[in-house]
Amino acid sequence: MKNIYINGIASISPQSNWDHGGDFSLSNTYRSRFLTCVEPDYKQFINPIQIRRMSRIMKMGVSAGKMALADAAMELPDAIIVGTGLGCLDDTEKFLVQMIESNEMSSAPTSFISSTHNSVSGQIALQLKCLSYNFTYVHKGLSLMSSLQDAMIKLTIGNAKHVLCGGIDEHVDVKFRHYDLLGWWKKEEISNVQLYNSKTQGTISGEGAQFFVLSNEPSPASYCRLAGIRQYHSSASASEMANQIYEFMLSCDLLPGDIDLIISGVNGDVKTDAYFHEVHRLVNPVAGHTGFKHLCGTYYTADGFALWLGANVLKSGSMPAETLPFSLPQGTIRNILVYNQFFGQDHVMYLLQAI
Amino acid sequence: MSSQRIFITGLGALTAIGKNVDENLQSLLARKSGVGRIEILETEHAAEFPAAEVKLTDTALKVALGLDESVKESRTTLLGMMAATEALKQAGGKSSGGLRTGLISATTVGGMNTTEEYFFRFEHEPDTQIWIDKLDCGDSTKSIAKYLEIKDYITTISTACSSSANAIMHGAELIKSGILDKALCGGTDALSRFTLNGFNSLMLLEKEWCRPFDIDRKGLNLGEGAGFIMLESEESVRLTKSRILAELVGYANTNDAFHQTAASPDGKGAYTAMSGALKCAGVSSDKIDYINVHGTGTPNNDESESMGMKTLFDNQVPPFSSTKPYTGHTLGAAGGVEAVFSVLSILHGCVWPSLNFKNKMNEVDFGPQTELLTNLDISYVLSNSFGFGGNNTSLLFAKYQPSIP
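Residues numbered from 1 in each chain as written. Chains lettered and ligands numbered in written order. Predicted model: local features only at pLDDT ≥ 70, side-chain atom pairs only at ≥ 80, totals over all residues. Heavy atoms only, no water.

K.L.:
Would you take a moment to explain the interface of chain B and chain A for this structure?
P.N.:
Buried accessible area, meaning the area lost when the parts come together, often serves as the stated size of an interface. Listed by partner, the interface residues are 64 residues for chain B and 62 residues for chain A. The three residues of chain B that bury the most area against chain A are B:Phe119, B:Phe194 and B:Gln260, which together make up 12% of that side's buried surface. Inspection of the region where chain B meets chain A yields six salt bridges. One salt bridge in this structure joins A:Glu104 and B:Arg193, with 3.6 Å as the shortest N-O distance. (Contact = heavy atoms within 4.5 Å. Buried area = accessible area lost by both parts, 1.4 Å probe. Salt bridge = Lys/Arg side-chain N within 4 Å of Asp/Glu carboxyl O.)

See below:
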């Protein structure tokens with residue numbers, strides 16, 4: 001693969017970090033079983049008349065997409081690729097309710113139109129008048145990884161120079177309640193900054209939109225290189241995962257010992273957090289190790305937040321204190337491994353490298 | 001663009017006109033449509049809108065798949081398992097020996113046809129809770145991959161009606177970029193009340209048999225099913241010695257950026273997708289022997305697609321037909337099913353008839369092929385799939401030639 005650079009980033013998340021000018025704050029604290037986004041003033045990005053007709057996830061996606069493009073100082077990408085685990089679930093549910101309550105006699109189409117999972121990528125294209133390649137991946141915890149993999153292919157063997165790529169999932173009350181029935185979430189309200197000290201089962205839910213401009217040429221404002229990406233979709237023991245990561249690093253012409261920092265998907269679940277620490281220990285015990293889900297919660301495309309964070313760390317050279325690292329990286333941070341999974345499946349590995 | 005050739009070595013199809021590829025072929029030859037009264041899906045609209053259901057209940061599908069009745073999988077997943085298994089078998093099964101195999105699937109409905117039954121019962125009926133995490137699109141792919149033991153790379157595309165054509169395109173690119181050696185690509189969608197009512201709310205459904213490209217067309221008939229094809233690299237075929245059925249020589253995905261659900265009437269979206277596929281393959285438009293069009297039968301699509309063809313082919317449009325009067329519009333499965341029909345066209349030298357067409361529309365001077373044509377030398381087939389969100393995809397299939405002239 002050619003060298004792939006992250007030249008623009010944007011994030012709408014429970015943290016106040018959508019100001020792409022570089023001033024971001026990770027200090028929002030919550031006492032909740034779920035985190036929701038601090039949303040920007042959408043009028044900055046979308047015509048007010050259109051805003052009224054857009055679903056929330058569409059507004060978030062379009063705005064984050066435009067912010068990332070502005071961050072990369074460009075207007076029209078060569079491709080738009082979006083990943084979303086649950087897609088436009090809010091409108092799906094609205095239409096479903098409408099359909100069932102009216103015994104199939106209702107005829108309002110708005111929610112149905114907005115429930116199509118590629119509405120976000122389609123709407124971004126509409127807003128930008130972008131006639132190019134436009135894909136949406138909807139595959140649980142592999143959704144964003146699939147989008148980024150596709151972007152890398154476009155930039156390597158395709159004709160693309162710049163690809164707008166993003167992950168997005170929104171909190172929907174009824175779905176939160178459903179996953180609660182499956183035991184995914186903490187039973188008690190918890191302070192997000194105490195998440196990793198919690199000794200109980202479950203984690204906290206979250207949402208967000210993280211968009212990136214990937215390019216095959218660096219720019220003066222580049223954040224880092226996206227040097228590798230891989231999925232492992234079945235379940236794996238910690239040592240099997242460490243092996244997978246070892247092979248992944250080899251494929252990037254590096255060794256696990258070259259990793260300076262691991263950003264992992266620890267999420268405060270007493271049943272599974274030990275797994276991440278064990279993976280860290282087996283892969284490279286002297287690498288720094290930090291979680292990120294206390295800042296954004298758990299959602300199918302949460303790896304986007306980890307990548308956003310990693311890109312910022314590499315560009316600035318330092319880790320914000322709010323990341324609450326378990327151990328600090330030693331010396332210069334050159335290689336960051338982002339490792340995430342979704343309740344024991346859909347493992348994703350990314351290698352971010354300083355330029 | 002990589003010069004790696006992409007060969008098709010397996011086909012799988014399950015639709016209203018056949019449980020497997022051969023049954024589908026026999027129906028195409030016999031002009032036997034699968035559109036009729038809805039009998040399996042329980043809906044208030046059963047008498048109102050004809051649809052093309054797969055004539056197998058979920059129980060029958062499980063029996064055919066060797067799954068116990070108690071196994072909890074959505075109808076979308078079961079349909080997909082059938083067609084994907086057929087394609088994989090024809091391609092010689094999953095090879096070992098270091099060949100990396102992926103599953104690139106697609107769906108729009110996902111598990112909705114089953115979940116819509118249980119969505120409001122989860123909180124009070126614990127037995128239904130297993131369906132909670134089975135609504136999303138990725139779930140069917142995950143289950144199919146597990147059933148077929150495909151491990152190296154899996155993902156799901158959901159771009160409305162172009163979904164499985166896009167899955168095929170992505171599979172080809174994963175092979176060309178060296179990430180996979182073999183890719184099982186396609187899609188699946190089961191009929192659901194959600195989509196039936198959704199399309200009805202948009203007034204896109206036809207109360208009679210759909211008649212693509214006809215001046216009096218009113219809309220589409222929904223269908224359900226699954227279609228998968230196995231793609232292999234040159235090196236993989238050398239090792240597996242799979243029989244090459246056809247070659248995928250070109251593809252393109254473009255966006256209309258015109259409207260969320262309607263195509264631009266000037267056909268620009270259709271034009272750019274088709275011309276993009278030709279350019280990708282380095283094949284001129286006069287080489288196309290047959291176009292399997294998207295042809296849903298809606299006023300908007302057929303006008304737009306006709307205009308696109310008129311522009312691209314300078315009014316010398318090759319024989320074309322929509323096979324949706326046979327299978328209905330299978331949404332997320334359409335690209336995969338129609339890819340199978342396109343390869344069958346090459347293998348059997350046939351152009352499938354476009355059923356129910358009587359009179360040309362006013363916007364163009366041509367209509368689809370209404371007779372079954374046989375004994376032709378079909379070398380190049382274009383297959384179109386256009387979806388909501390302005391998503392336009394065109395795939396170009398070719399008769400296998402041992403070496404590129």
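From this point, the narrative continues.
K.L.:
Sorry, what's going on with helix α1 (residues 21-29) of chain B here?
P.N.:
For the α-helix, the turn length of 3.6 residues means that residues three or four positions removed from each other point alike. All names here are of chain B. Taken together, the buried positions of α1 are Val21, Asn24, Leu25, Ser27 and Leu28. Seen from one end, α1 has its buried residues packed into an arc of 165°, which puts them on one side. Elements in contact with the buried residues of α1: β1 (6-14), α3 (75-90), α11 (324-327) and α12 (334-348). Where α1 begins, the side chain of Asn20 points an oxygen toward the backbone nitrogen of Asp22, at a separation of 3.2 Å. Immediately downstream of α1, the backbone of Arg31 shows phi near 55°, a positive value. (Buried < 20%, exposed > 50% of the residue type's maximum accessible area, 1.4 Å probe, protein only. Helix = DSSP H or I, 4+ residues; strand = E, 2+ residues; numbered from the N terminus. Arc of directions from axis to C-beta. Polar contact = N/O pair within 3.5 Å; in protein donor to acceptor, adjacent residues only side chain to side chain.)

K.L.:
Looking at this structure, how should I read a nonpolar patch on the surface?
P.N.:
Residue and element names in this part refer to chain A. Taken together, the side chains of Tyr246, Leu250 and Leu255 make up a nonpolar region of the molecular surface, amounting to roughly 270 Å² of accessible area. Mapped onto the secondary structure, Tyr246 falls in helix α8 (residues 238-251). Taking relative accessible area as the criterion, Tyr246 reaches 38% and is therefore assigned partly exposed. (Patch = residues over 30% accessible without salt bridge, like charges linked within 9 Å, V, L, I, M, F, W, Y side chains within 5 Å. Areas by Shrake-Rupley, 256 points an atom, 1.4 Å probe, with all protein chains shown as cover.)

K.L.:
For this particular structure, what's the right way to read the pattern of salt bridges?
P.N.:
Pairing is possible between side chains that carry opposite charge, provided their charged atoms lie close to one another. If you walk through the whole model with that rule in mind, you get 31 salt bridges over all chains. Its salt-bridge partner being A:Glu278, residue A:Arg281 comes within 3.0 Å of it at the nearest N-O pair. With A:Arg281 and A:Glu278 both in helix α9 (residues 273-283) and three residues apart, this pair spans about one turn of that helix. On the basis of relative accessibility, which here comes to 28%, the residue A:Glu278 falls in the partly exposed class. Look at the salt bridges and you will find they share partners, linking A:Lys140, B:Glu73, B:Asp133, B:Lys134, B:Asp136 and B:Asp139 into a network.

K.L.:
Where do I start with the packing of aromatic side chains in this structure?
P.N.:
Describing an aromatic ring pair means giving the distance of the ring centres and the angle of the ring planes. Residue and element names in this part refer to chain A. Under the definition given, this model contains 27 aromatic pairs over all chains. Taken together, a centroid distance of 5.4 Å and an interplanar angle of 50° make the contact between Phe95 and Phe112 tilted. Here Phe95, found in helix α3 (residues 89-101), pairs with Phe112, found in helix α4 (residues 110-115); they are 17 residues apart in sequence, far enough to count as distant. Of the residues examined, Phe95 reaches a relative accessible area of 2% and is grouped as buried. Pairing Trp184 with Phe342 gives two aromatic rings, centres 5.5 Å apart and planes at 70°, and the pair type is edge-to-face. In this pair, Trp184 sits in the loop between α7 (173-181) and β6 (190-191) while Phe342 sits in strand β11 (residues 335-342), placing the two residues 158 residues apart along the sequence. Clustering of aromatic rings is evident, with ring pairs tying together Phe34, Phe176, Tyr179, Trp184, Trp185, Tyr300, Phe342 and Phe343. Lys154 extends its terminal NZ or CZ atom over the ring of Tyr133, reaching a point 3.8 Å from the ring centre. In this arrangement the basic side chain of Lys315 is found over the ring face of Tyr223, its NZ or CZ atom lying 4.1 Å from the centre. (Phe/Tyr/Trp six-rings, centres within 6.5 Å; stacked < 30°, edge-to-face > 60°. Lys NZ or Arg CZ within 6 Å of the ring centre and 35° of its normal.)

K.L.:
Can you help me understand the state of the cysteines in this one?
P.N.:
For the structure shown, the criterion picks out zero disulfides over all chains. Considering cysteine sulfurs only, B:Cys137 is the nearest to A:Cys88, which forms no disulfide, with 10 Å between them. By relative accessible area, A:Cys88 is classed as buried at 1%. Between B:Cys280, a free cysteine, and B:Cys185, which holds the nearest cysteine sulfur, the sulfur-to-sulfur gap is 15 Å. (Disulfide = S-S within 2.5 Å.)

Don't take any of this as a statement about function, it's just geometry.
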